[in-house]
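Listed below, chain by chain, are the residues.
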Amino acid sequence: MILRPAHPKLPFSVKKILLSLVLCFTYVQAAEATGTYYVDSVAGNDANNCTSADTACLTVPGAQALIEALPDPSNTTVKLRGTFTEVVSFVSNSVTKPDTLDGLHLTAIDTNNQPVINTSVDETAAVSVTGINSVTIDHLTITGGTTGIYVTGSGNTFISGNEIHHNDISGISSTTSSTAIQLLYAKSSSIHDNVIHDVAVTVSDVSYTY
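Residues numbered from 1 in each chain as written. Predicted model: local features only at pLDDT ≥ 70, side-chain atom pairs only at ≥ 80, totals over all residues. Heavy atoms only, no water.

## Some details on the overall build of the chain
Step number 1: Looking only at helices and strands, the chain features two helices and 20 strands.
Step number 2: Counting every position in the chain, which comprises 210 residues, the buried fraction comes to 35%.
Step number 3: In the chain, the proportion of contacts linking residues at least 24 apart, taken out of those at least 6 apart, comes to 68%.
Step number 4: Summed over its atoms, the accessible surface of the chain is roughly 11,900 Å², and 56% of this surface lies on carbon and sulfur atoms. (Helix = DSSP H or I, 4+ residues; strand = E, 2+ residues; numbered from the N terminus. Buried < 20%, exposed > 50% of the residue type's maximum accessible area, 1.4 Å probe, protein only. Contact = heavy atoms within 4.5 Å. Areas by Shrake-Rupley, 256 points an atom, 1.4 Å probe, with all protein chains shown as cover.)

## Things to note about unusual backbone geometry
The bulk of non-glycine residues show a negative phi, and the bulk of peptide bonds are trans.
Step number 1: The residue after Lys-97, namely Pro-98, is reached through a cis peptide bond having omega 10°.
Step number 2: For Pro-98, the position within the fold is in the loop between strand E4 (88–91) and strand E5 (105–108).
Step number 3: Notably, Asn-75 is not glycine yet its phi reads approximately 55°, a positive angle.
Step number 4: Inspection of the secondary structure puts Asn-75 in the loop between helix H2 (60–68) and strand E2 (76–81).
Step number 5: The class of Asn-75 is partly exposed, set by a relative accessible area of 35%.
Step number 6: With phi around 50°, Tyr-185 is a residue other than glycine that occupies positive phi space.

## Quick word on the environment of Thr-85
Step number 1: When you line up the elements, Thr-85 lands in the loop between strand E3 (83–84) and E4.
Step number 2: Residue classification places Thr-85 among the exposed positions, given a relative accessible area of 52%.
Step number 3: Separated by 41 residues in sequence, Thr-85 and Ala-126 place their C-alpha atoms 8.8 Å apart.
Step number 4: Discounting residues that sit within four places of it in the chain, Thr-85 has contacts with Asn-118, Thr-119 and Ser-120.

## Considering the layout of surface pockets
Step number 1: Its boundaries defined by the atoms lining it, the largest pocket holds a volume of some 250 Å³.
Step number 2: As for the largest pocket, its lining consists of 14 residues, and the residues nearest its centre are Ser-92, Asn-93, Lys-97, Thr-100 and Gly-131.
Step number 3: Tallied by class, the residues present in the lining of the largest pocket amount to four nonpolar, seven polar and three charged. (1 Å grid on protein atoms, 1.4 Å probe; cavity = no way out; pocket = protein on both sides within 12 Å on 5 of 7 lines; lining within 4 Å. Points joined across faces, edges and corners; volume = space filled by probe spheres on them. Nonpolar A, V, L, I, M, F, W, Y, C, P; charged D, E, K, R; others polar.)

## Let's talk about the sheet that holds strand E12 (residues 163–165)
Where strands meet in a sheet, backbone hydrogen bonds hold them as pairs that are either parallel or antiparallel.
Step number 1: Here we have six strands laid out as an open sheet, ordered E1-E2-E5-E8-E12-E17, and parallel in their pairing. Single-partner strands in this sheet number two, and they are strand E1 (35–40) and strand E17 (190–192). Between one strand and the next, the sheet's axes are offset by a mean angle of 15°, whatever the strand orientation. (Pairing = 2+ DSSP bridges. Axes fitted to C-alpha atoms, helices over the stretch in contact; angles between N-to-C directions.)

## Observations regarding the nonpolar core
Step number 1: Core analysis: the largest hydrophobic core is formed by 34 residues, its most contacted members being Leu-106, Val-127, Ile-137, Ile-142 and Ile-149.
Step number 2: For this core, the secondary-structure elements that each account for two or more residues are E1, H2, E2, E4, strand E7 (125–130), strand E10 (147–152) and strand E15 (179–184).
Step number 3: Those residues in contact with Ile-137 that sit more than four places away from it in its chain are Leu-106, Val-127, Val-129, Ile-149, Val-151, Glu-163, Ile-164, His-165 and Asn-167. (Core = buried A, V, L, I, M, F, W, Y, C linked by side-chain atoms within 4.5 Å.)

## Examining the pattern of salt bridges
Any two side chains of opposite charge can pair if their charged atoms end up close together.
Step number 1: Under the criterion given, the structure shown has one salt bridge.
Step number 2: Across the pair Asp-40 and Arg-81 runs a salt bridge, and its minimum N-O distance is 3.0 Å. Within this pair, whereas Asp-40 is found in strand E1, its partner Arg-81 is found in strand E2, the two being separated by 41 residues in sequence. (Salt bridge = Lys/Arg side-chain N within 4 Å of Asp/Glu carboxyl O.)

## A word on the sheet that holds E10
Step number 1: The sheet built from four strands is open, its strands ordered E4-E7-E10-E15 with parallel pairing. Unpaired on one side and paired on the other, E4 and E15 mark the two borders of the sheet. Within this sheet the neighbouring strands show an average axis-to-axis angle of 5°, counted without direction.
Step number 2: For E7 and E10, the ladder comprises five bridges, and the chain directions are parallel. For Val-129, the partnering residue across the bridge sits in E10 and is Val-151.

## As for a nonpolar patch on the surface
Step number 1: On the surface, a nonpolar cluster with roughly 260 Å² of combined accessible area is contributed by Phe-158, Leu-184 and Tyr-185.
Step number 2: Tracing the backbone through its elements, the reader meets Tyr-185 in the loop between E15 and strand E16 (186–187).
Step number 3: Classification of Tyr-185 as partly exposed rests on a relative accessible area of 36%. (Patch = residues over 30% accessible without salt bridge, like charges linked within 9 Å, V, L, I, M, F, W, Y side chains within 5 Å.)

## Some points on H2
Step number 1: Every buried residue of H2 is listed here: Val-60, Gly-62, Ala-63, Gln-64 and Ile-67.
Step number 2: Looking at the buried residues of H2, the elements they touch are E1, E2, E3 and E4.
Step number 3: The distance from a side-chain oxygen at the start of H2 to the backbone nitrogen of Gly-62 is 3.1 Å, and the residue carrying that oxygen is Thr-59. (Polar contact = N/O pair within 3.5 Å; in protein donor to acceptor, adjacent residues only side chain to side chain.)

In short, shape yes, function no, at least from these values alone.
Okay, here's the thing in structure tokens:
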């Protein structure tokens, strides 16, 4: 006969503490969970789950629909590849409160081969983000439109913690005014290492290039 040592029984109070720690850890893990969604304008398909480069969406709205349906859509990254002619737009009220899109990150699948946002829609921004905090926009090539990147709060509600860097912005033109990067109702934000060129403003017959 082999005698095995009996497992010591833990007091009820110790079991309760351990269970609480496990539940607490699980809650923190869920709260900090983030997601990455991929969009490929050539090889993607909006019927995909879009959670890898091989199963990418075809359009940004296709990825948006999946993100907005998440139980917690905050801290989501959208990685792009290819050329996009539609306006890339994210708005805070597209999700129901208390859900939030705060922490949104728009970037490239391959930072050495930046995706191109080439919208032909006049009097609008190529990339527009409204009412979302801690937005990061980087490694995009933007041409066309009257504003390259437009990040704004809503009304008198300020947004903060935004970062815009390593983008290439050109070809922004309008008969009234043009802006490469515009932040409104924003504070504690950082704009750095962007390349801005061939941004033109035409008034009557006079053209200015900055």
